[in-house]
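# What the coordinates show
Residues per chain are reported as follows:
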Amino acid sequence: MPLESKLPNVGTTIFTVMSKLAADEGAINLSQGYPDFDGPPALLERVGYYLTNGYNQYPPMSGIEPLRQAIAGKVADLYGVSVDPETEVTVTSGATEALFCAINAVVQVGDEVIVFDPCYDSYEPAVTLAGGVCRHLPLHAPDFHVDWDRVHDAVGPKTRLVIVNTPHNPTGAVWNVADIAGLRSVLARGDIYVVGDEVYEHILFDGRAHVSLCRYPDLFARSFVVSSFGKTYHTTGWKVAYCVAPAGLSAEFRRVHQFVTFTTATPLQYGIADFLRSCPEHHENLGAFYQAKRDLFCGLLAESRFRLTPSAGTFFQLVDYGQISNEPDAELARRWTVEKKIASIPISVFYEEPPTQTYLRFCFAKDDATLEQAAETLCEL
């Protein structure tokens, strides 16, 4: 029988496409955002312990209590807010699931959702499935800042939600206190919720501080804040994340969550709980760890024909290839993967209406030897 798609304009994500192309071509994969090194040995040991000692049955739908308590402790330590681990912390099977549940908890048919382009590609499909419509507002290169006057103009009676992503994927831009003030002024105009995509919360550079929505009581009162253990612990394949939100919002979030994944792998949760409590220095030092890799990668490209501004956060670096080619970024990314054996992500795929730009995104969450090999190729272009 013919099937009318609910997502007729959605294909396979660019991350899957480019990683498969890199594998098929034997290319260095600096496209999809995952490390080529493993998680901390102490964390792997704890997960292994629980895996082999009987912790393999269903955990509670909202996450095991020790992990929710450890998350609440981290949030209090970093952002000065007390959250109830019983009613305001939910463990999820990855940040994409958490984002989907948060969006579907509040967006209803006909609602409008403000997103900032280039925006992560899971936002709009979740909004569409909820019956909402995205209003795309561009960030402004080269620093990819928000034009708050334009946001004010976009807010109307149908505005239900604003999706915030800082540190920002794919650009590496980071919000500051002026952006928090801008968001406050927008939210004052109506009953508008916020989803904070903060999965790179620990990866900021050059002394920048993360302006989590958790820091601000008035903002947190209407927010779902999503974070990722996969990004923090170099274990993206585990798909373990969480959402912190006020009790009323968390209750609605869990109504959706219980029928999406219901829960998350038990031994992973116990192992992460142990590691989070015993080794907070890991997330405390993560920014410095990745700044060294950013500096290495940018330094290696200093003699290339690319133009770049060192990333402010995340483990991604944008490069401007305009002095090398005038090809569209999607075509160039595919050609270089095949011909030069190095894979990247084109930025145009994250826009509703792509501007005239010549940016590619490279992931530097790689061993130093991988970055050196990649830079050697890039410097020859």
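Preceding this paragraph is the structure being described.
Remember, predicted model here, so these are calculated numbers, not experimental data.

To continue, consider the overall build of the protein. Scanning the protein for helices and strands turns up 15 helices and twelve strands. Expected size for 381 residues packed as a compact globule is a radius of gyration near 21 Å; at 20 Å, the protein falls within 12% of this value. Dimensions along the principal axes, computed over C-alpha positions, put the protein at roughly 55 × 55 × 55 Å. Counting across all 381 residues of the protein, residues that qualify as buried make up 55%. Contacts in the protein between residues at least 24 apart in sequence constitute 75% of all its contacts with a sequence separation of at least 6.

For the rest of this paragraph, the subject is the nonpolar core. F224, Y290 and F315 are the most contacted members of the largest nonpolar core, which has 64 residues in total. Residues V75, V151, V194 and Y216 belong to the second largest nonpolar core, which totals 55 residues.

If you check helix 15 (residues 368-379), its first and last C-alpha atoms are 16 Å apart, about what twelve residues at 1.5 Å a residue would give, namely 16 Å. Turning to helix 15, its buried residues number three or more, namely T370, L371, A374, A375, T377 and L378. Relative to the axis of helix 15, the buried residues are bounded by an arc of 160° and lie together on one face. Turned more than 90 degrees away from the buried face of helix 15, the exposed residues are A369 and E376. On the buried face of helix 15, the contacting elements are strand 1 (28-29), helix 13 (286-300), strand 10 (342-343) and strand 12 (359-363).

This part is about the sheet that holds strand 7 (residues 223-228). If you walk across this open sheet you meet the seven strands as 2-8-7-6-5-3-4, and the pairing is mixed. Whereas interior strands pair on both sides, the edge strands pair on one side only; in this sheet they are strand 2 (89-92) and strand 4 (133-138). Between one strand axis and the next, the sheet turns by 20° as a mean value, whatever way the strands run. Contacting strand 2 and strand 8 (241-244), helix 3 (residues 65-79) runs over the sheet at an angle of about 115° to strand 2. Sheet strands touched by helix 10 (residues 247-257): strand 2, strand 6 (193-197), strand 7 and strand 8. Its angle to strand 2, the strand with the most contacts, is close to 25°.

Let's shift gears to the pattern of salt bridges. Applying the stated criterion across every chain, the model contains 18 salt bridges. Salt-bridge contacts for K20 lead to D24; the nearest nitrogen and oxygen are separated by 2.8 Å. You can see K20 and its partner D24 sitting in helix 1 (residues 14-25), four residues apart, about one turn around the helix. Each member of the pair K20 and D24 is classed as exposed. Residue K341 pairs with E25 through a salt bridge whose shortest N-O separation is 3.0 Å.

In this structure the tally under the stated criterion is 26 aromatic pairs. Taken together, a centroid distance of 6.2 Å and an interplanar angle of 70° make the contact between F116 and W148 edge-to-face. You can see F116 sitting in strand 3 (residues 112-117) and its partner W148 sitting in helix 6 (residues 148-154), a full 32 residues away along the chain. Since its relative accessible area comes to 13%, W148 is described here as buried. Residues F144 and Y359 carry aromatic rings whose centres are separated by 5.7 Å and whose planes lie at 65° to one another, so their mutual orientation is edge-to-face. Note that F144 is positioned in the loop between strand 4 and helix 6 and Y359 in strand 12, a separation of 215 residues in sequence.

Conventions we followed
Residues numbered from 1 in each chain as written. Predicted model: local features only at pLDDT ≥ 70, side-chain atom pairs only at ≥ 80, totals over all residues. Heavy atoms only, no water. Helix = DSSP H or I, 4+ residues; strand = E, 2+ residues; numbered from the N terminus. Rg over C-alpha atoms; globule rule 2.2 N^0.38 Å. Buried < 20%, exposed > 50% of the residue type's maximum accessible area, 1.4 Å probe, protein only. Contact = heavy atoms within 4.5 Å. Core = buried A, V, L, I, M, F, W, Y, C linked by side-chain atoms within 4.5 Å. Expected span 1.5 Å × (residues − 1). Arc of directions from axis to C-beta. Pairing = 2+ DSSP bridges. Axes fitted to C-alpha atoms, helices over the stretch in contact; angles between N-to-C directions. Salt bridge = Lys/Arg side-chain N within 4 Å of Asp/Glu carboxyl O. Phe/Tyr/Trp six-rings, centres within 6.5 Å; stacked < 30°, edge-to-face > 60°.

On their own, these measurements won't tell you what the molecule is for.
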